Amino acid sequence: MSRWRRIAGEASRFMAVGAIATLVAVLLYNWLAYEPQGLWSPLHRHITLSYIVSHGVGMLVSYELSRRWTFKERSERQPGEGFLSYAIINILTMVTIPVGCLWVSRHGLGYTSGLADNLSGNVVGLLISQVARFYLFRRFVFRRPIHYIEVYDDPHALSEAEPGSSDEHRDGSRAPSTSDRVS
């Protein structure tokens, strides 16, 4: 599989995970904050706390789906490894980029309507932050495992590898990688 097809597959799975996590967060938020249709909620009318809890749960859903599905070929060796980096990147990009776009729209370009605020913060800002998160998650949280043949530069092992694949040999065996456990 080509590099760009692999990235496109990851990107489409990343967008699907974002949609699922957002849906979970919005549904949970509305249940916690407003008790829809008489469903009891422990946080009824605690709007801010409901928002924080529901989006925290959405972030956990996003992390698990990203780890198990979006970046399954890149996942860390131990469950939970990289979660702190994931949370920091998620929080920073969800706050700074949309707020920055909103600030530029209002103060730099002079657009002050509600429509302009929503377009700059909730459309442009969120799309840019989504692209930034995809890159940062791939780069810092769900890194590609490094194969021993890449580290030790064994020219015989590299010449045996299939074109376009750095981890599978012609005989079907796989080169050991840093994600493989050593007993």
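Model, not experiment: these values are computed from the prediction.

### Quick look at the packing of helix 1 (residues 3-34) against helix 2 (residues 47-70)
- At their nearest, the axes of helix 1 and helix 2 sit 8 Å apart, and the two run at 155 degrees to each other. Between helix 1 and helix 2, the interaxial angle falls into the category roughly antiparallel. Once helix 1 is placed against helix 2, the crossing between them reads as right-handed.
- Split by residue class, the contact of helix 1 with helix 2 holds 19 nonpolar, seven polar and two charged.

### Brief notes about the environment of Ser2
- In this structure, Ser2 sits in the segment before helix 1.
- Side-chain polar atoms of Ser2 contact the backbone nitrogen of Arg5, separated by 3.2 Å.

### Details of the packing of aromatic side chains
- The tally for this structure, following the rule as stated, stands at 12 aromatic pairs.
- Between the aromatic rings of Tyr86 and Phe142, the centroid separation amounts to 6.2 Å while the plane-to-plane angle is 70 degrees, which identifies the pairing as edge-to-face. Linking Tyr86 in helix 3 (residues 83-108) with Phe142 in the loop between helix 4 (114-141) and helix 5 (148-152), this pair joins segments that are 56 residues apart in sequence. For the pair Tyr86 and Phe142, a shared accessibility class is recorded, and that class is buried.
- The rings of Phe14, Tyr63, Phe71, Phe83, Tyr86, Phe134, Phe137 and Phe142 are connected pair by pair, giving a single aromatic cluster.
- Lying over the aromatic face of Trp4, Arg3 brings its terminal NZ or CZ to 5.4 Å of the ring centre.

Conventions adopted
Residues numbered from 1 in each chain as written. Predicted model: local features only at pLDDT ≥ 70, side-chain atom pairs only at ≥ 80, totals over all residues. Heavy atoms only, no water. Axes fitted to C-alpha atoms, helices over the stretch in contact; angles between N-to-C directions. Helix = DSSP H or I, 4+ residues; strand = E, 2+ residues; numbered from the N terminus. Parallel < 35°, antiparallel > 145°, perpendicular 65-115°, else oblique. Left-handed = near helix turned anticlockwise from the far one by under 90°. Nonpolar A, V, L, I, M, F, W, Y, C, P; charged D, E, K, R; others polar. Polar contact = N/O pair within 3.5 Å; in protein donor to acceptor, adjacent residues only side chain to side chain. Phe/Tyr/Trp six-rings, centres within 6.5 Å; stacked < 30°, edge-to-face > 60°. Buried < 20%, exposed > 50% of the residue type's maximum accessible area, 1.4 Å probe, protein only. Lys NZ or Arg CZ within 6 Å of the ring centre and 35° of its normal.

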